[in-house]
Amino acid sequence: MLALTFNLQNFLIDIKGPALAFLPVLAFEGGTRRNIPKFEAGTLLYVRVVKANPGMNPELSCTDASGKAAEFGALKDGYMFECSTGLSRMLLSSPTCPVLEALGKKLSFEIAVGLNGRVWVNSNSPSIVIIVANAIMNSESLSGVQQKIMAEKLLQKIQND
């Protein structure tokens with residue numbers, strides 16, 4: 001999600017929905033009026049939706065249900081791209097998505113997937129970020145077996161270069 005603006009009580013966040021969502025400044029682990037996080041416009045945040053009712057702006061949080069930060073918060077570095085919500089659901093599915101499983105066996109990278117179709121990938125190597133992002137985008141119309149074959153061919157090509 002992309003941080004857009006800030007007032008004294010909330011950040012306004014673009015979650016690719018019909019309305020902007022709000023993220024209360026206290027919705028962070030250890031959040032107090034004196035300890036307000038600072039985000040520039042355009043900062044990429046990994047958040048969860050707490051409330052979403054018709055006619056109201058969704059409410060977000062950067063903590064899990066127990067109040068811990070867990071993996072939520074600002075996503076630093078990396079690359080964010082948009083895909084269909086169908087592909088994002090496939091990436092989040094269980095058992096693990098074949099393309100992610102195959103790439104994860106040989107490459108070291110981090111990934112955050114939102115149900116809104118935004119995907120963030122990070123690695124120590126920019127070339128790995130590009131490889132993973134392209135493999136994910138190319139996997140949408142492929143079956144599970146085809147995804148695995150594509151990823152394995154891609155990994156063989158990388159090893160040969």
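To be clear, the structure that these remarks concern was listed above.
Everything in this summary refers to the structure shown in the same document. (Residues numbered from 1 in each chain as written. Predicted model: local features only at pLDDT ≥ 70, side-chain atom pairs only at ≥ 80, totals over all residues. Heavy atoms only, no water.)

1. Thoughts on the side chain of Gln147
With respect to the element layout, Gln147 can be found in helix H4 (residues 144–160). Within the structure, the side chain of Gln147 is placed 3.5 Å from the backbone oxygen of Ser139, a separation counted as a polar contact. Gln147 has contacts with Met90, Cys97, Pro98, Val99, Ser139 and Leu142, leaving out every residue within four places of it along the chain. (Helix = DSSP H or I, 4+ residues; strand = E, 2+ residues; numbered from the N terminus. Polar contact = N/O pair within 3.5 Å; in protein donor to acceptor, adjacent residues only side chain to side chain. Contact = heavy atoms within 4.5 Å.)

2. Describing the nonpolar core
By size, the foremost hydrophobic cluster in this structure holds 24 residues, and its most contacted members are Leu91, Val99, Leu103, Leu107, Val132 and Ile136. Elements that contribute at least two residues to this core include exactly helix H1 (85–92), helix H2 (98–106), strand S10 (118–122), helix H3 (126–138) and H4. Among the elements that take part in this core, H3 stands out by supplying seven residues, more than any other. When neighbours within four sequence positions are excluded, Leu103 is seen to be in contact with Phe109, Val132, Ala135, Ala151 and Leu155. Formed by 18 residues, the second largest nonpolar core is a distinct cluster that contains Ala21, Tyr46, Leu75 and Trp120. (Core = buried A, V, L, I, M, F, W, Y, C linked by side-chain atoms within 4.5 Å. Buried < 20%, exposed > 50% of the residue type's maximum accessible area, 1.4 Å probe, protein only.)

3. What to know about the sheet that holds strand S8 (residues 79–82)
Strand order in this open sheet of three strands is S8-S10-S9, and the pairing throughout is antiparallel. With one partner strand each, in any of the chains shown, S8 and strand S9 (110–113) form the two edges of the open sheet. Neighbour-to-neighbour, the strand axes of this sheet turn through a mean angle of 20°, independent of strand direction. Of the pairings in the sheet, the one linking S8 to S10 comprises four bridges and is antiparallel in character. Bridging across to S10, Glu82 finds its partner in Arg118. Packing of H3 onto the sheet brings it into contact with S8, S9 and S10, and relative to S8 it is tilted by some 10°. (Pairing = 2+ DSSP bridges. Axes fitted to C-alpha atoms, helices over the stretch in contact; angles between N-to-C directions.)

4. Some words on the pattern of salt bridges
With the rule as written, the count across this model stands at four salt bridges. Ionic pairing is found between Asp14 and Arg118, a salt bridge with its closest N-O pair at 3.1 Å. Of this pair, Asp14 sits in strand S2 (residues 10–14) while Arg118 sits in strand S10, placing them 104 residues apart in sequence. Close ionic contact of Glu82 with Arg118 constitutes a salt bridge, the shortest N to O distance being 3.3 Å. Of the two residues, Glu82 is situated in strand S8 and Arg118 in strand S10; the sequence distance between them amounts to 36 residues. Connected through shared salt-bridge partners, Asp14, Lys16, Glu82 and Arg118 make up one network. (Salt bridge = Lys/Arg side-chain N within 4 Å of Asp/Glu carboxyl O.)

Nothing here speaks to function; it is geometry throughout.
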